[in-house]
Amino acid sequence: MLNLNGSKGALTVLSLTAVFAATSALAAPIDSAKSTVSATGKQLGVPVTGQFKKIVGDVTFNPTQLAQSSAKVDIDVGSYDMGMADYNKNVTGSEWFDSAKFPKASFVSTGIKAAGAGFTVTGKFTLKGRVQNVTFPVSVKTEGANQVFDGVLQVKRTAFGVGSGDWADTSVVADDVAIKFHIVAPAKK
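Basis of the calculations
- Residues numbered from 1 in each chain as written.
- Predicted model: local features only at pLDDT ≥ 70, side-chain atom pairs only at ≥ 80, totals over all residues.
- Heavy atoms only, no water.
- Helix = DSSP H or I, 4+ residues; strand = E, 2+ residues; numbered from the N terminus.
- Buried < 20%, exposed > 50% of the residue type's maximum accessible area, 1.4 Å probe, protein only.
- Contact = heavy atoms within 4.5 Å.
- Core = buried A, V, L, I, M, F, W, Y, C linked by side-chain atoms within 4.5 Å.
- Pairing = 2+ DSSP bridges.

Undergrad: Quick question: what am I supposed to make of the overall build of the chain here?
TA: The helix and strand tally for the chain stands at 2 helices and 11 strands. Across the chain, helices and strands are ordered from the amino to the carboxyl terminus as α-β-β-β-β-β-β-α-β-β-β-β-β. Here the chain holds 189 residues, and the buried ones make up 35% of them. A separation of at least 24 residues holds for 57% of the contacts in the chain among residues at least 6 apart in sequence.

Undergrad: I would appreciate a short explanation of unusual backbone geometry in the present structure.
TA: Trans is the common state for peptide bonds, and a negative phi is the common state for residues other than glycine. Residues other than glycine seldom take positive phi values, yet L44 does so here, at roughly 55 degrees. Here L44 lies in the loop between β2 (36-43) and β3 (46-52). Residue L44 is classed as exposed on the basis of its relative accessible area of 64%. Of note, the phi angle at D98 is positive, near 50 degrees, even though the residue is not glycine. Here D98 shows up in the loop between α2 (85-91) and β7 (104-115). By relative accessible area, D98 is classed as buried at 15%.

Undergrad: How should I be thinking about the nonpolar core in this particular structure?
TA: Nonpolar side chains tend toward joint burial in soluble globular proteins. Counting residues in each nonpolar core, the largest one holds 38 residues, and the members touching the most others are F52 and F125. With 5 residues, the top contributor of residues to this core is strand β11 (residues 176-186). Not counting the four nearest positions on each side in its chain, F52 is found in contact with V37, A39, I75, D76, V77, S79, Y80 and F97.

Undergrad: How do you make sense of the pairing of strand β8 (residues 118-127) when you look at a structure like this?
TA: Along a regular strand, successive side chains alternate from one face of the sheet to the other. With 9 bridges joining them, β7 and β8 adopt antiparallel strand pairing. Looking at β8, one finds that S109 is bridged to G123. In this antiparallel pair of consecutive strands, β7 and β8, the connection spans 2 residues, and G116 shows a positive phi of 60 degrees. Between β8 and strand β9 (residues 130-143), which pair antiparallel one after the other, the connecting turn spans 2 residues, and K128 there sits at a positive phi close to 55 degrees.

Undergrad: Could you clarify how one ought to interpret the pairing of β11 in this entry?
TA: Inspection of the sheet shows β2 paired to β11 by 5 bridges, in the antiparallel sense. Within β11, the position partnered with A39 by the bridge is I179. Note that strand β10 (residues 146-156) and β11 share 11 bridges and pair antiparallel. Bridging across to β11, Q147 finds its partner in A185.

Undergrad: Please clarify how the side chain of Q147 should be interpreted in this entry.
TA: Counting through the fold element by element, Q147 comes out in strand β10. Ignoring anything within four residues of it in the chain, the contact list for Q147 reads F61, K141, I183, V184, A185, P186 and A187.

Structure below.
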């Protein structure tokens, strides 16, 4: 238990503050203009894709110090765009994303490991107030002064309560959804 009343507690708080400040200083903000996150599912066997237009977050990545590497991404689910206003309104409504009640989805990494030519990332994915532990492959490359992270996170939409009521029927809209991401962040030196 943390004691905030004594000098030892004050030192602990100062130490934690210093650690968080140092970690923040190493984090690179996502370049929202160059980054993309999309979700693809199937309706009656036909792929349907939309793109989230608003994403923010930060990345700390060093392939030689993976234990200190991390990622945090927040997605404005109300920004999901399927290319048609009526579809967008429906998918952000209460039966799907319920963006009025749950305005964002988020991912926070808990670990990054080397895997072949790329990496495996584990973390917590939150959507509609439900949290799941997830693991997925990521490729990383350098483009100029940026690091680029590409991958696909596979989820079951019903595990997050996405597509309720008549839409819960997975024979009409498949349960499997592929969340594809292309995250661009300045490489830290």
